[in-house]
Structure formats: structure tokens, C-alpha cells
Amino acid sequence: MPGEHAPASMVVLADANNFFASCETVFHPELAGKPVVVLSNNDGCVVARSNEAKQLGIINGTPWFMIREAAERDHVIARSSNYELYGSLSRRMMSVLSTFLPGQEVYSIDECFMRSPWDGERTRQICLAMRRTVLQGIGIPVSVGVAPTKTLAKITNHWAKRHERSHGVTLWHDLAQSDGGAGILASIPIEDIWGVGRRLAKRLRGIGIRQAAQLRDSDPVAMRRRFSVQLERTILELNGFPCIYDDDHAGGNTRNTELLCSRMFGEPVQGEDHIVQAVSVYAQYACRRLQRQHSLCTTVSAFCSSGNVHTGIPSAAHGSMTLPDPSDDPVIIAAAARTALHGSIIPSVRYARAGVLLTGLIDADAFHTLPTLGANSDPGLSSVLEQVNRRFGPMRVGIGCAAGIRGEGRASEEVGARWAMKRNMLSQRCTTRWEEMPVVHAN
DNA sequence: TCTGGGGTCCTAGGACCC
DNA sequence: TCTGGGGTCCTAGGACCC
């Protein structure tokens, strides 16, 4: 496989700055220059911050309730996470980026790898133009790192974000000779390396490896034996030998191998009825994603658990069902999820979250059966659901919604059940909902 | 009172087979 | 008392990522 990749080309990593916070600013320019934080579902904890919020010392992952008072004193603006908006802006951004360089591999909602077949200077000019275009056309600032390997591109990108003079674009070549020739790796702690998490960093420090340069200079074979094959790859990548590949980025559309839909409840709930409702709804969300990627699943798992240890004895229930035939039918899959949990829910427990996991995913085209031998649901019901959802929007009707869980909220696709998520500071979904489109006034 | 959600890859160990 | 060698497949759990 390595042979298939052109060795001469450089890895280009484009990564949006403070992506969620930047998205909130696109349609609310008055937020620019102000401290903005974006909160996780249920407005639980901070998941993104503008530069100004970072300067106030707000750390990612901090529970909102713990810093709320201080943040409000500092005039921090908080938003519930609006994934519909972020997803939409992400698709636009990726689309623009892909017109500048080949080999795009969308790595996450806010970053993608690309390849440049050009030399350093030409690559730099292309990346500067790419950055300007995205900023002007989408309104999102991105930083770009260019390096021989993905691991080094991550480091280079990180540097570009922090140093104004780079104008958002940095080449590994520029950094390799810094610090009097020792290179920038001598000043980077190991936990800042892509692929080295907290646990591994602790173990590495235990054997005296503290900086990236020390890891780069360690023996990859010995480290593989002692730790893992991933760490060996990281070491090789730090030395400039690419060995982390994306297997199937052809078309940029990779398929998931499993799909999970899980949520914390807005408030803990008790009793099988509520859990079954939630699990039915999550199963339908998961099915939409399954159908979108044109897959069928073979196994359906469902789980629920009580949350906070302080509010009761921790308790969890889970179960799974193998389907008689691979399916993407919400009727079948929601029923399987309910069956998987049936009997294991304890009536006295207050559950805080639940979820549905679809595994054993296969390509829908790879599975054929005669219509009469297919899965034993009423085909009419599924197709009616599909047609209604297509015409009137997702989740207007659905399974498990009969028990009065359609709420009053503005969001048509959200259920109004007691257990539904809290998102009290949600911005408008300007790019995906007609009724939430921004209005511009000209004087 | 209140701490997210959705993934991937790798490894070890068990079941099973010849 | 002694108890092969090698392989595959599956699953659970750890670790990491954004």
C-alpha cells in the first residue's frame, strides 16, 4: 500500500480555528472579538472557545454550571451546540478547500488532509490563496500546516495557529531548523503529539521521554515491542517517513463501520416506558444515518445507564439482538432495540442516558434477497414513514412518538419528551431552515 | 442540582478447527 | 504424571481522536 502513494507529495492539513465558535460568529458578526463559548448537549460543558474566551482561562471540558457565574461577569457569550449549522458550514468549507488541492480526506468536522504535488513556495502560495477564499466565502478562518507526514503536519498546523506572522500557513521546512538547528520538536511535550494521549504520555515520561524530539530519536522497533504498533508509526512519522494512511479516501466518502446514537437525558427518567421511547427515537436517528451511507446493519444493541454516582447506585442495562436479515428499516431496528433492553430495566433506577449502537454494517448493494423472503415487517409502514419524512421534514412522524412526546419546541425534529435534551442557548440554523434564515436590512 | 457524543484501531483472550 | 502446534474468527475492552 505505501507504494501506491506518491512519495514526493507533501501532506497539507487545513484546520479551522475555533470552529464552533467561528460558526456562531458567521451570522452574528457582533460576536467577533468577544469571548464566546459553545456548550455540549444539555448545555453540559464547554466544547469550544473563541480566542478571547481562551484568554480568560476557560478550559475545554469544564462543566458550564461551575464557571457560569464568573463567565457571565466577564461578559462571556454562551451558545448551545448547533450541529446542524456547523455541519452545513463544514460541508461548504470542505467543498471550497477541495478545489485548491487534490486528495482531500475529511478527517473531522473542521479539518481535512490534502496533498500538494508542488514545491514548497508554490504550495505556500496556494495555501494562502485557499485560506483567503475560505475566509471570504464562508467566513471561517482556517490554518494550514504543510509537512512530509500527517503527524508533522499536525504539529506545523498547531504552530501556524499560534503565530500571527505565519499568516495562517506554515511549512515544516520553516520549523525544522528553528531553536538553533535542534528543531521545534525539542520544545514540544509528548502529550501534544497526535496519537499520544494522557495514559501513554504518562508511561513515556516514566521512561524519561518528555519531548517530541526524544520520542523521534527512540528505537521504533523496541518501542513497538514495549508499547504498540501505533507508537512505532508515530515515531517513524516524526522522522519524516509517512506511514499513517487513509485506506479508502477515494471520493472522500468513507463509510462508518458502526453507528452510535446516544444521549444524556435532559433530566433523569424512571421506568421502562420512557427508556423505550427514547431508544425508539434514537434507533430512528441511527437508521437515517444508516440509510444515508447506504448500509444495512446486522446487529442492534441498546443500552441505558444511571448517571451521577451521587444521586444513586450506578446501574446500567444493555442487550443486543442479531437481526434475521440485514436491514435499514426503522420499524425493524427500533423493535430490535426495544427487545434488546426488554426486561433488564430496573423500575427504581433513575436513568441518565441511553443509546443505540448499530454494528455489523454492510453495503446495501451487497445484500440481495427475494422480496417475499425479506424481513418480516409491513413494508407499507416503512415506506409511508419515509415519504412523510421526506415531504414534511425529519421526525414529523415516527415510531414511539404516539405516547405524547411531540413537544412545543420550535425545532420540528426534536421530541418534546421530559428526557429530551436541553439546549436553551441555541442559535439559528441559518443555512438549513427556511424559517430560520437570517434577514439583512439595507439602509 | 447541573460533567457530551460519535467514532476508529489495536490487542488479548476464548472458542473452535485440523 | 504427562497434555502439540498452528491457524481463524469473534468479542470485549483499552486507548485515542475530534
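What counts, and where the lines are drawn
The written sequence of each chain sets the order in which its residues are numbered from 1. Chains and ligands are labelled by the order in which they are written, letters from A for the one and numbers from 1 for the other. It should be noted that, the model being predicted, local features are given only for residues of pLDDT at least 70 and side-chain atom pairs only at 80 or more, the latter also being counted only at that level, while totals for whole chains, interfaces and linings use all residues. Water and hydrogen atoms play no part in the side-chain values, which are based on all heavy atoms of the structure. Consider each residue's heavy atoms; a residue with any of them within 4 Å of a molecule or strand counts as near. What qualifies as a polar contact is a pair of N or O atoms within 3.5 Å, subject to a donor-acceptor requirement within protein and to the restriction that residues adjacent in sequence count only when both atoms come from side chains. Under the scheme used here, helices are H or I runs from DSSP no shorter than 4 residues and strands are E runs no shorter than 2 residues, and both carry numbers assigned from the N terminus. Note on terminology: a nonpolar core comprises buried Ala, Val, Leu, Ile, Met, Phe, Trp, Tyr and Cys residues joined through side-chain atoms within 4.5 Å. Remark: exposure states derive from per-residue accessible area (1.4 Å probe, protein chains only) relative to the maximum for the residue type, with buried under 20%, exposed over 50%, and partly exposed in between. Only heavy atoms matter for contacts: two residues are in contact if any of them lie within 4.5 Å across the pair. Two aromatic rings, drawn from Phe, Tyr or Trp (for Trp, its six-membered ring), form a pair once their centres lie within 6.5 Å of each other, and the interplanar angle then sorts them: stacked below 30 degrees, edge-to-face above 60, tilted otherwise. Here, a charge over a ring means that NZ of Lys or CZ of Arg falls within 6 Å of the ring centre while also lying within 35 degrees of the ring normal.

1. Focus: the protein's contact with DNA strand B
Around DNA strand B sit 20 residues, and of these Leu-260, Ser-262, Arg-263, Met-264 and Arg-289 come closest. Counting only the atoms of DNA strand B within 4 Å of the protein, the fraction contributed by sugar and phosphate is 75%. Contact between DNA strand B and Ser-40: a sugar or linking oxygen at 3.0 Å from a side-chain N or O atom of the residue. Here a phosphate oxygen of DNA strand B sits 2.5 Å away from a polar atom, N or O, in the main chain of Leu-260. Secondary-structure elements contributing two or more residues to the surface near DNA strand B are helix 11 (229-238) and strand 9 (259-270). If you tally residues by element for the surface near DNA strand B, the top one is strand 9, at six residues.

2. So, the nonpolar core
Within the largest apolar cluster, 36 residues are counted, with the highest numbers of intra-cluster contacts made by Phe-265, Ile-275, Tyr-282, Val-300, Ile-333 and Leu-358. Contributing elements (two or more residues each) for this core: strand 9, helix 12 (272-292), strand 10 (295-305), strand 11 (316-327), helix 13 (330-341) and strand 12 (350-359). Contacts of Phe-265, omitting those with residues within four sequence positions, involve Asn-42, Ile-275, Ala-278, Tyr-282, Tyr-351, Ala-352, Arg-353, Ala-354 and Trp-419. Of all hydrophobic cores here, the second largest spans 29 residues; its members include Ala-48, Leu-85, Val-96 and Val-134.

3. Side note on the packing of aromatic side chains
Evaluated as defined, the whole model comprises nine aromatic pairs. Look at Tyr-107 and Phe-113: their rings are 5.7 Å apart centre to centre, the planes differ by 65 degrees, and that puts the pair in the edge-to-face class. A ring pair is formed by Tyr-107 and Trp-194, whose centres lie 5.6 Å apart and whose planes are at 75 degrees; its orientation type is edge-to-face. Here the residue Tyr-107 occupies a position in strand 5 (residues 105-108), and Trp-194 occupies one in the loop between helix 7 (172-176) and helix 8 (198-206), the gap between them amounting to 87 residues. By the ring-pair criterion, three or more aromatic residues cluster together here, those being Phe-19, Phe-20, Tyr-83 and Tyr-86. The ring centre of Phe-113 lies 4.8 Å from the NZ or CZ of Lys-150, which sits over that ring.

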